[in-house]
Amino acid sequence: MKLTVNGTQMDLDAEPDMPLLWALRDLVGLKGPKFGCGIAACGSCTVMIDGVAQRSCVLALEDVDGEVTTIEGISNGETLHPVQQAWIENQVAQCGYCQSGQIMAAVALLDEVPNPTDEDINAAMTNLCRCGTYPQIRQAIKRAAELKSQTGGEA
Amino acid sequence: MGKILRRTFLIGGAAIAGGVAFGAYIVNRDHANPLIGTTKEGEVAFNPYLKITEDDQITVMVPRAEMGQGITTTLTALLAEELDVTLEKVTVEIAPAANAYYNSTMLEEGAGKPHFDRSFSAEALRATMGTVGKVLGLQVTGGSTSTIDAYEKMRMAGATARETLKLAAYKQTGIDTDGMKTSDGAVILPDGTKLPYGSLAQTAAEIDTPSDVALRPASDWKILGKSQPRTDMRAKSTGAPLFGMDVDLQDMVYATLKMNPRLGGPMIRMDTTEARKIKGVIDVVDMTATQDEAFGGGFAVIATNTWAAFKGAEAVDVEWGPAPYPATTEGIMEVIANTLDRSEAEGEGDVMREEGDVKLAFADAPRERIVEARYQVPYLAHATMEPMNATAQLKDGESHLWAGTQAPTLVRDDCAWEVGVDKERTFIHSTYLGGGFGRRGEVDFCRFAARLAKKTNGKPVKLVWSREEDMTHDTYRPAAISTWKARLDDDGFPMAVDGRIACPSIIKSVMARTFPSIGAAGPDNTITQGAADQPYDIANYKITGVKAPVDIPIGFWRSVGNSYNGFFHECFMDEIAHAAGKDPIEMRRRIMAKHPTAVGTLNKVAELADWDAPAVEGQGKGVAFTLSFGCWTAIAVEVSQSDDGIRIEKVSIAADIGKALDPAIVANQLQSGAIYGLSSCLGEKITFADGMVQETNYDTYDAMRMYQCPEFAIAVMETADHMGGSGEPGTPPVIPALANAVFNLTGKRIRSMPLSDEVEFV
């Protein structure tokens, strides 16, 4: 199966029905996308495909029709993506397990809506967090929007 | 160890089977430093918590499980404060499994004495149980005890290392230590010369640790008491492979597990033909224990990747035997209800609090002065974000296990027993935890991985549970039913309260899984925790706990018994206030007047919630108070009615923790605990049909999401005499506060959880 992940083309020895998540984790070795539910209900596995947030646990390899970006692919070396910077500034993570997915959902949201309202955030951020970091996620998204407008949008 | 355990083991004050007399030698003996023999070239292990290399790498070993509560940051800060290093300069490592990292506070608090009871007998019991903790060497994270337990230990580890480094500087320079200072990772000589700790480490290794080191007063603290950037924040914002789920080893194979969904029942038959045809499947293994085991029967599929293992597990044709408990929720609740009613009729049960004479107080009570109610809660799952998993390897006579665990020494001993390798050759590599909430204090997921490692010819095997396996094989928060009766005095204050709670015994269930050879005799104080230990001053006050015989696996769920007793007790207090026509905060201030700490939290929460503002149509507010895990916590919840349902607008928390080592982390924990509790109001319940759990994933067992999350106002207070914990206390009072707010808004008194069964939330 041919795949482009974080700008690198690869050819994986995998069954076409294997969900992208398991190909990324077990075959490619990228552990950023997390396994949470396997039914697209929690969002821990969120990656972007051609810039759109997708839940990779239910997306079969044969249905992947664009370039995959995982959390490992959004920073520029040591310079983190504005969303990641805002996450650190606002001390969002607790256990941290869902945060890769939360960050990817936020990156996709801000690419589409540079200055999201609370309603925009509620609609886009449907990922589950059992530690309940939602208030900090909301603050961090607003902060990331500021950082992005200051830096011109790129990490 | 086994014998000591059998005689004296105790969790939650339930199972003191014999005396707890240890000789002074055993009690005073220190456990060996587990870092000896593990250090790198040029690295010195000062004590179990600190390593320093010649080239100035300072590593703090954190002996508790990091499951989101920020413990790596706060425990490191305790040591760094006395060592005089900044947090940025320190590398944090999760400590290995070792008895030296025992948690005595958990057993002290498990003794079950109310937090406010500081009588000689209560303190003596705490001290005794703390001794048991040390002798057993139990390294556990739970009961919101980590910072309390580490408060002296880790500061002392930093202070003695600092003084040893000064002595090393004396040995190197001949200059008297009196004129030396320490700052920013260096000893500073009177002339201003800086000697970095690394340059002194080797010399320090040859010096006996001084024994007369004094800890600094809080007024001198530079790090503690102030919010610090978390040490794990960058890793957690970049997707770093921190978790058990992320373990990746050479030649590793992957596996998943299916145990009987009728919990504890046997596997009658399995046909693996179809499963073995799936590409990537290596083997299908019977996981049923050869000896008696609480987990019943089941199998595991070993494969070249997780997905193949999942597909293989689905393809196994299997027949499951019956469950050892009633097949339906109705049947289970009937057992608990019958136990409650029979115990009441026959005057049985464990009386866990008794003041005055309740019987007498009700004997002549006029009907209109009596308030009565019956409450109940369902089973609940932990539903950690990271499903259960562990990786194990058995090779060259050594047993290795990688897992996020709240109980590393228990896991070590259990896995050593499981695979037949000495404890000394069993190595637990603790990872970060994708949520714990009590679930990862269990040994099941680790024991299964160790069992499977016997079948993989020396290759490491990563055993990952599907979400469905995790949700349907939890150690659940038990269901509970309770009856309540109060008599009001002439002024409308409660002069008598009689509460009776029936619930399956958590201690009995935990012991049966973890230590099947030890019984769990005596009362189980988790049944009445949160009801029998509250600082209310009521002349006639009786709380009785009754063990209900239901053999569904149950365990410690964030705040344990407080999670249901907070709901029972504090909704009933609201009923009393309503019956008497009193403001629920004012009534509590009166009944807790002997405890200024409690009153302080009520005053603060009233301020945060603007409690005395006039009522507004379409809006409601409720309040509750629970003292749990040493944290006096008052919560007010504000709700509003919309066309689509009730919205939770704002949660105000006033929590007096005595001493907040990191105020931001404490506030975040209170918020987290509150959201965990609110989630349980919004649809969470575990139900049974045909002996199987019916909720299998987040589509049927959900939790609060972003759009439902209220605004928070949190006050972290520090007036209490004793330091408390923060991981759990947010959970108990938020549940009744919401129920009371719903009553205030709608007039509907909901006495059964989840609240969403009776009202719609948006």
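Below or above, wherever it landed, is the structure these notes cover. In this text, all values refer to a predicted model and were calculated from it rather than measured experimentally.

1. Quick look at the overall build of chain A
For chain A, the helix and strand inventory stands at five helices and five strands. Counting from the amino terminus, helix and strand elements in chain A follow one another as β-β-α-β-β-β-α-α-α-α. Taking 15 Å as the expected radius of gyration for a compact globule of 155 residues, we find that chain A reaches 15 Å, a close match to that expectation. With respect to the three principal axes, the spread of C-alpha positions in chain A is 40 × 30 × 25 Å. Sequence-distant contacts, at least 24 apart, represent 63% of the contacts inside chain A between residues at least 6 apart.

2. Section: the interface of chain B and chain A
Each side of the interface is counted separately: chain B has 48 residues, and chain A has 46 residues. Of all the secondary-structure elements, those providing two or more residues to the side of chain B that touches chain A are helix H8 (233-237), helix H10 (306-315) and helix H20 (663-681) of chain B. With six residues, H20 of chain B is the largest single contributor of residues to the side of chain B that touches chain A. Counted by class, the side of chain B that touches chain A contains 23 nonpolar, 14 polar and 11 charged residues.

3. Topic: the sheet that holds strand S13 (residues 350-355) of chain B
All names here are of chain B. As summarised here, the arrangement of the five strands in space is S13-S21-S20-S19-S14, forming an open sheet in which the pairing is mixed. For this open sheet the edge positions go to S13 and strand S14 (370-377), each flanked by a neighbour on one side alone. In this sheet, neighbouring strand axes are inclined to one another by 10 degrees on average, regardless of whether the strands run parallel or antiparallel. Across the sheet, helix H17 (residues 562-580) touches S14, strand S19 (480-488) and strand S20 (494-503), and the angle it forms with S14 is around 155 degrees.

4. Some details on the packing of helix H2 (residues 82-89) of chain A against helix H5 (residues 134-151) of chain A
All names here are of chain A. Contact geometry of H2 with H5 gives a least axis separation of 8 Å together with a crossing angle of 135 degrees. Comparing their axes, H5 and H2 come out oblique. Handedness of the H2/H5 crossing: right-handed. The residues of H5 that touch H2, namely those facing Pro82, Val83, Gln85, Ala86, Trp87 and Glu89, are Ala140, Arg143, Ala144, Leu147, Lys148 and Thr151. In terms of residue class, the contact of H2 with H5 is made up of seven nonpolar, two polar and three charged.

5. Quick look at the nonpolar core
Nonpolar side chains tend toward joint burial in soluble globular proteins. Of all hydrophobic cores here, the largest spans 281 residues; its most connected members are Ala255, Leu401, Ala449, Ile635 and Leu738 of chain B. Aside from chain neighbours lying at most four places away, what touches Leu738 of chain B is Gly622, Val637, Ile648, Leu678, Cys681 and Leu755 of chain B.

6. Concerning the packing of H20 of chain B against helix H21 (residues 731-746) of chain B
Residues and elements named next belong to chain B. Packing of H20 against H21 brings their axes to within 7 Å, and their N-to-C directions diverge by 45 degrees. Considered as vectors, H20 and H21 are oriented oblique to each other. Two packed elements cross with a definite hand, and for H20 against H21 that hand is right-handed. Mapping the contact onto sequence places Gly673, Ala674, Tyr676, Gly677, Leu678, Ser680 and Cys681 in H20 and Thr731, Pro732, Val734, Ile735 and Leu738 in H21.

7. Observations regarding the environment of Met287 of chain B
Residue and element names in this part refer to chain B. Counting through the fold element by element, Met287 comes out in the loop between strand S10 (281-286) and strand S11 (298-303). The exposure class of Met287 is buried, given the 23 C-beta atoms found within 10 Å. Residues Met287 and Leu452, 165 residues apart in the sequence, show an inter-C-alpha distance of 7.7 Å. When sequence neighbours within four positions are dropped, the list of residues in contact with Met287 reads Leu257, Met259, Gly298, Phe299, Ala300, Phe448 and Arg451.

Scoring rules and cut-offs
- Residues numbered from 1 in each chain as written.
- Chains lettered and ligands numbered in written order.
- Predicted model: local features only at pLDDT ≥ 70, side-chain atom pairs only at ≥ 80, totals over all residues.
- Helix = DSSP H or I, 4+ residues; strand = E, 2+ residues; numbered from the N terminus.
- Rg over C-alpha atoms; globule rule 2.2 N^0.38 Å.
- Contact = placed C-beta atoms within 7 Å.
- Nonpolar A, V, L, I, M, F, W, Y, C, P; charged D, E, K, R; others polar.
- Pairing = 2+ DSSP bridges.
- Axes fitted to C-alpha atoms, helices over the stretch in contact; angles between N-to-C directions.
- Parallel < 35°, antiparallel > 145°, perpendicular 65-115°, else oblique.
- Left-handed = near helix turned anticlockwise from the far one by under 90°.
- Core = buried A, V, L, I, M, F, W, Y, C linked by C-beta atoms within 7 Å.
- Buried ≥ 20, exposed ≤ 12 C-beta atoms within 10 Å, placed from the backbone.

Coordinates in, geometry out; function isn't part of it.
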